[in-house]
Amino acid sequence: VVAGAAVFAAGRGLFNSSWYALLSPVVPESMRGEFFGRLRFSWQLCGIIFAGACVAALPRQAPLWIYHVIMTFMTICLVVKFFFYRGIPELEKAPPVRGGFRAVMGTIARAEGFMSFCSYVFLLALFTAGCPIIFGLIEKEVLGMGDNLVVMLGAALMTGSVFGFLAGGKAVDRVGTKPAFLVCHFLYGLV
């Protein structure tokens, strides 16, 4: 379980950071906010549709084989995604990195304001990223809800995110990254 969690975390980190390589030159600066807003919108919409299908497939107390089928389907979808990624063009070749991983990490660590930003994002994720999972556990174990209702409430949470992604992407392009970031995070804390 620990090895699986470590591999999953490493893969997720690589996947999430790989999108930033698209910024230059694939996505013009003038439309980056809207691009990522639409990207997250479409990703979240697929999640909502998939969650809806799971709600339909899950009875109140689902047998383990249903979860096996769902996880197998998700794994197949992740493998298929590889073929779509291969089609993204490499428009500019990166120069060879001198000094290896340690030199790159040192350069990143010395970038002005970057470490404080990373600390903020880390603390934000540390205290909030697990909330949907905690909500699901409370719904299941404390409130006694069925599997199908827990998944349906998770889909409702994702529905709110869809509208937030669209609005956030447009806000970044209209008012700039920093003002949109500050307002979004203030509202996030308020909620």
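Here goes a summary of the coordinates provided.

Cut-offs applied
Position numbers for residues start from 1 in each chain and track the written sequence from start to end. Where totals are concerned, whole chains, interfaces and linings use all residues; where local detail is concerned, this predicted model gives features only for residues with pLDDT of at least 70, and gives and counts side-chain atom pairs only at 80 or more. Computation of side-chain values covers all heavy atoms of the structure but excludes hydrogens and water. Strands are runs of DSSP state E lasting at least two residues, helices are runs of H or I lasting at least four, and both sets are numbered from the N terminus onward. Under the scheme applied here, a residue whose accessible area is under 20% of the maximum for its type counts as buried, over 50% as exposed, and between as partly exposed, the area being computed with a 1.4 Å probe on protein chains only. Axis angles are defined between N-to-C directions and span 0 to 180 degrees, where every axis is a line fitted to C-alpha atoms and, for a helix, only to the segment in contact. Roughly parallel means an angle under 35 degrees; roughly antiparallel, over 145; roughly perpendicular, 65 to 115; everything else is oblique. Throughout, a residue-residue contact means that at least one pair of heavy atoms, one from each residue, lies within 4.5 Å. Gly falls in the polar group here, along with every residue not listed as nonpolar (Ala, Val, Leu, Ile, Met, Phe, Trp, Tyr, Cys, Pro) or charged (Asp, Glu, Lys, Arg). Working rule for helices: expected span equals 1.5 Å times residues minus one. Here, nonpolar core means buried Ala, Val, Leu, Ile, Met, Phe, Trp, Tyr and Cys residues that are tied together by side-chain atoms lying within 4.5 Å of each other. Pairing of aromatic rings covers Phe, Tyr and the six-membered ring of Trp, with a centre-to-centre limit of 6.5 Å; geometry is then stacked below 30 degrees between planes, edge-to-face above 60, and tilted otherwise. Throughout this description, the term salt bridge denotes a Lys or Arg side-chain nitrogen within 4 Å of a carboxyl oxygen of Asp or Glu. Distance thresholds for patches are 9 Å for like charges and 5 Å for nonpolar side chains (Val, Leu, Ile, Met, Phe, Trp, Tyr), applied to residues having over 30% relative accessible area and no salt bridge. Using a 1.4 Å probe, the Shrake-Rupley method yields the accessible areas, and only the shown protein chains count as cover for residues.

### Some thoughts on the overall build of the chain
A count of helices and strands for the chain gives eight helices and zero strands. Secondary structure of the chain in N-to-C order comes out as α-α-α-α-α-α-α-α. Viewed in the frame of its principal axes, the chain has a C-alpha envelope of about 55 × 35 × 30 Å. By the burial criterion, 14% of the 191 residues in the chain qualify as buried.

### Some words on the packing of helix α7 (residues 147-175) against helix α8 (residues 177-190)
It is the contact of α7 with α8, at a shortest axis distance of 7 Å, that shows an interaxial angle of 140 degrees. With respect to α8, the element α7 is oriented oblique. Every residue of α8 that contacts α7 at Ala171, Val172 and Val175 is listed here: Thr177, Pro179 and Ala180. Along the lines of polarity and charge, the residues of the contact of α7 with α8 split into five nonpolar, one polar and no charged.

### Notes on the side chain of Gln44
Among the secondary structure elements, Gln44 is positioned in helix α2 (residues 32-57). Contact partners of Gln44, with chain neighbours within four places excluded, come to Met158, Ser161, Val162 and Phe165.

### Description of α7
The end-to-end C-alpha distance of α7 is 42 Å, a good match for the 42 Å that 29 residues give at a rise of 1.5 Å each. Asp147, Val150, Ala155, Val162, Phe165, Gly168 and Gly169 are the residues of α7 that are buried. Those residues of α7 hidden inside the fold are in contact with α2, α3 (64-86) and α6 (131-142). Among the residues trailing α7, Gly176 stands out with phi positive, at a value near 105 degrees.

### Some details on the nonpolar core
Counting five residues, the largest nonpolar core consists of Cys54, Leu58, Ala62, Ile66 and Ile70. In this structure Ile70 touches Phe50, Cys54 and Leu58, once residues within four positions along its chain are discounted.

### Overview of the packing of aromatic side chains
The tally for this structure, following the rule as stated, stands at four aromatic pairs. With a centroid separation of 5.8 Å and an interplanar angle of 15 degrees, the aromatic rings of Phe50 and Phe73 are classed as stacked. Highlighted residues: Phe50 in helix α2 and Phe73 in helix α3, separated in sequence by 23 residues. On the basis of an interplanar angle of 65 degrees and a centroid distance of 5.9 Å, the ring pair of Tyr120 and Phe181 is categorised as edge-to-face. Taken together, the positions of Tyr120 in helix α5 (residues 114-128) and Phe181 in helix α8 put the pair 61 residues apart, joining distant regions of the chain. Judged by relative accessible area, Phe181 falls into the partly exposed class, the value being 26%. Here a set of aromatic residues connected by ring pairs shows up, and it is made of Phe117, Tyr120 and Phe181.

### Side note on the pattern of salt bridges
For the structure on display, the rule yields one salt bridge. One salt bridge in this structure joins Asp147 and Lys140, with 2.6 Å as the shortest N-O distance. Owing to a relative accessible area of 8%, Asp147 belongs among the buried residues under this scheme. A relative accessible area of 23% places Lys140 in the partly exposed class.

### Quick word on a nonpolar patch on the surface
Together, Phe101, Val104, Met105, Ile108, Phe114, Met115, Phe117, Tyr120 and Val121 line one region of the surface with nonpolar side chains, adding up to about 780 Å² of accessible area. Only α4 (100-110) and α5 provide two or more residues apiece to the nonpolar patch. Considering every element that reaches the nonpolar patch, the biggest residue donor is α5, with five residues. Inspection of the secondary structure puts Val121 in helix α5.

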